[in-house]
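The primary structure of each chain is shown beneath.
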Amino acid sequence: VKGNFNKRISYFTDEIINQLEKEQQLIHDVTVGLENKEFTFYLQPKCNSETGAIVSMEALSRWISPVRGFVSPGEFIPFLENNGMITSLDTYIWDAVCQTLSYWKHDHLYVVPISINVSVADIETINVPEYLQDLITKYDLSPEMLLVEITETAFSENNIIVRETIDQLHQHGFCVLMDDFGSGYSSLNMLKDTNVDILKLDMKFIEMNPGNCQKGIQIIDSIVNMAHKLNLPIIAEGVESPEQIAMLHSMNCIYAQGYYFYKPMPISDAEDLLTTVPHE
Ligand code: C2E
Ligand code: CA
Ligand code: CA
Ligand code: CA
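The structure presented is a predicted model; accordingly, all values stated were derived computationally and were not measured. (Residues numbered from 1 in each chain as written. Chains lettered and ligands numbered in written order. Predicted model: local features only at pLDDT ≥ 70, side-chain atom pairs only at ≥ 80, totals over all residues. Heavy atoms only, no water.)

Student: Lay out the coordination of the calcium ion (ligand 2) with the relevant residues and their values.
Tutor: Coordination of the calcium ion (ligand 2) by the protein comes from E58 (OE), N117 (OD1), E149 (OE) and D179 (OD), over a distance range of 2.2 to 2.4 Å. Between the donor residues of the calcium ion (ligand 2), the gaps in sequence give the motif E-x58-N-x31-E-x29-D. The class of E149 is buried, set by a relative accessible area of 1%. (Donors = N, O, S within 2.8 Å, 3.2 Å for Na, K, Ca; no water. Buried < 20%, exposed > 50% of the residue type's maximum accessible area, 1.4 Å probe, protein only.)

See the structure below:
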């Protein structure tokens, strides 16, 4: 029995060491990746689903690693959020987004605002409003060109600092979106205390295939109604089918983002798109 026990202990120890080594390797690869500019972002348009016009785009980070290949944010963002490295990546991406906007401003006729994703860890680590102000000064942009997406869970975790951050962002002229709205448990309560400018309806509502589910439709309808009553524009996320568009239209939910319109695309593709597709 004792021998077996020791074997199991050493098995678990090996597992833990293995896990730690993997994390050390990931930290190393991300650090090197940031130095070597392996990170970039894709752009996904948000559309007026009635006219097809592009109203803005969202920057979603992508890691093209020579060792790991194409890594999706679902794999590295939560990890970076947990070990304090997310702000290095985010500030890098925000700078790159502003650079792109400035390039558009100088070289293209049409520019749409780009939204960036801000993690609660960023808000706790640096002064995000001042950081963004410095960036738009550096690139000679107006604050309307940069939209700030903060995920709903940030509001429950650290309400006061998030609220203050939003107030400061407003003072600098930035517009704030509440991302993944409806995904948490305290959404409705939080709306009362925060003054975000736009809601993004979490894609899980759209995903539940509302075409077959009366209850699902009524939940979405109620959320959209509430947004309208509060005078908050609402964008439906994860829209993939014409049936979903029809349902959203019947609720007067006009703005949408999802594969039905466009998948996230490389910056150069987004630039081509801006020259051919109408925008508001
Ligand atoms: P998010 O901000 O909610 O972004 C939406 C995610 O849904 C993106 O995944 C997008 O590619 C995907 N998506 C868009 N349309 C559809 C659709 O019609 N159907 C389906 N099934 N999915 C769709 P992605 O790019 O993998 O990003 C995942 C999450 O990682 C993002 O969720 C965001 O929370 C986070 N993230 C991405 N880039 C950054 C970043 O630069 N900084 C931070 N802090 N977080 C980021
Ligand atoms: Ca987002
Ligand atoms: Ca979202
Ligand atoms: Ca999210």
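Student: Tell me about the site of ligand 1, residues and numbers included.
Tutor: If you check the shell around ligand 1, you find 21 residues, and the closest are R62, D90, S119, E240 and Y259. The side chain of Q44 places a nitrogen or oxygen atom 3.0 Å from a nitrogen atom of ligand 1. The side chain of N117 places a nitrogen or oxygen atom 3.3 Å from an oxygen atom of ligand 1. Summarising the interface, the protein chains cover 82% of the accessible area of ligand 1, which totals 800 Å² for the free molecule. Using a 2 Å cut-off from the grid points, one finds that ligand 1 occupies the largest pocket. For the shell around ligand 1, the secondary structure elements donating two or more residues are β2 (54-65), α2 (73-83), α3 (86-107) and β6 (175-181). The biggest single contributor to the shell around ligand 1 is β2, with 4 residues. Of the residues that constitute the shell around ligand 1, the class distribution is 8 nonpolar, 6 polar and 7 charged. (Near = heavy atom within 4 Å. Polar contact = N/O pair within 3.5 Å; in protein donor to acceptor, adjacent residues only side chain to side chain. Areas by Shrake-Rupley, 256 points an atom, 1.4 Å probe, with all protein chains shown as cover. 1 Å grid on protein atoms, 1.4 Å probe; cavity = no way out; pocket = protein on both sides within 12 Å on 5 of 7 lines; lining within 4 Å. Sits in = over half its atoms within 2 Å of the grid points. Helix = DSSP H or I, 4+ residues; strand = E, 2+ residues; numbered from the N terminus. Nonpolar A, V, L, I, M, F, W, Y, C, P; charged D, E, K, R; others polar.)

Student: A description of the coordination of the calcium ion (ligand 3) should follow, citing residues and the corresponding values.
Tutor: Around the calcium ion (ligand 3), the protein contributes the donor atoms D179 (OD), D180 (OD), E237 (OE) and E237 (OE), at 2.2 to 2.6 Å from the metal centre. In this structure, the calcium ion (ligand 3) lies 4.3 Å away from the calcium ion (ligand 2), the two metals sharing D179 as a donor. Among the residues examined, D179 registers a relative accessible area of 7% and is labelled buried. What makes D180 partly exposed here is its relative accessible area of 22%.

Student: Residues and numbers for the pairing of strand β7 (residues 198-201), please.
Tutor: Here β7 shows two buried faces, one formed by I198 and K200 and the other by L199 and L201. Note: β6 against β7, 3 bridges, orientation parallel. Residue pairing in the sheet places F181 in a bridge with L201 of β7. With 3 bridges connecting them, β7 and strand β8 (residues 234-237) associate as parallel partners. Counted as the bridge partner of L199 is I234 from β8. (Pairing = 2+ DSSP bridges.)

Student: Any chance you could break down the pattern of salt bridges for me, citing the residues and the numbers?
Tutor: Any two side chains of opposite charge can pair if their charged atoms end up close together. Going through the model one piece at a time under the given rule, you end up with 7 salt bridges. In this structure, the salt-bridge partner of K105 is D140, at a minimum N-O distance of 3.6 Å. Placement of the pair is K105 in helix α3 and D140 in the loop between α5 (128-138) and β5 (146-151), with a sequence separation of 35 residues. Under the relative-accessibility criterion, D140 is labelled partly exposed at 48%. (Salt bridge = Lys/Arg side-chain N within 4 Å of Asp/Glu carboxyl O.)

Student: Help me get a handle on helix α12 (residues 267-276), residues and values and all.
Tutor: Turning to α12, its buried residues are A270, E271, L273 and L274. Around the axis of α12, the buried residues are gathered within 160° of arc, so they sit on the same side. Of the residues in α12, the exposed ones pointing more than 90 degrees away from the buried face are D272, T275 and T276. Structurally, α12 contributes buried residues whose contacts are with β1 (39-48), β2 and α3. (Arc of directions from axis to C-beta. Contact = heavy atoms within 4.5 Å.)

These figures come from the coordinates and say nothing about function on their own.
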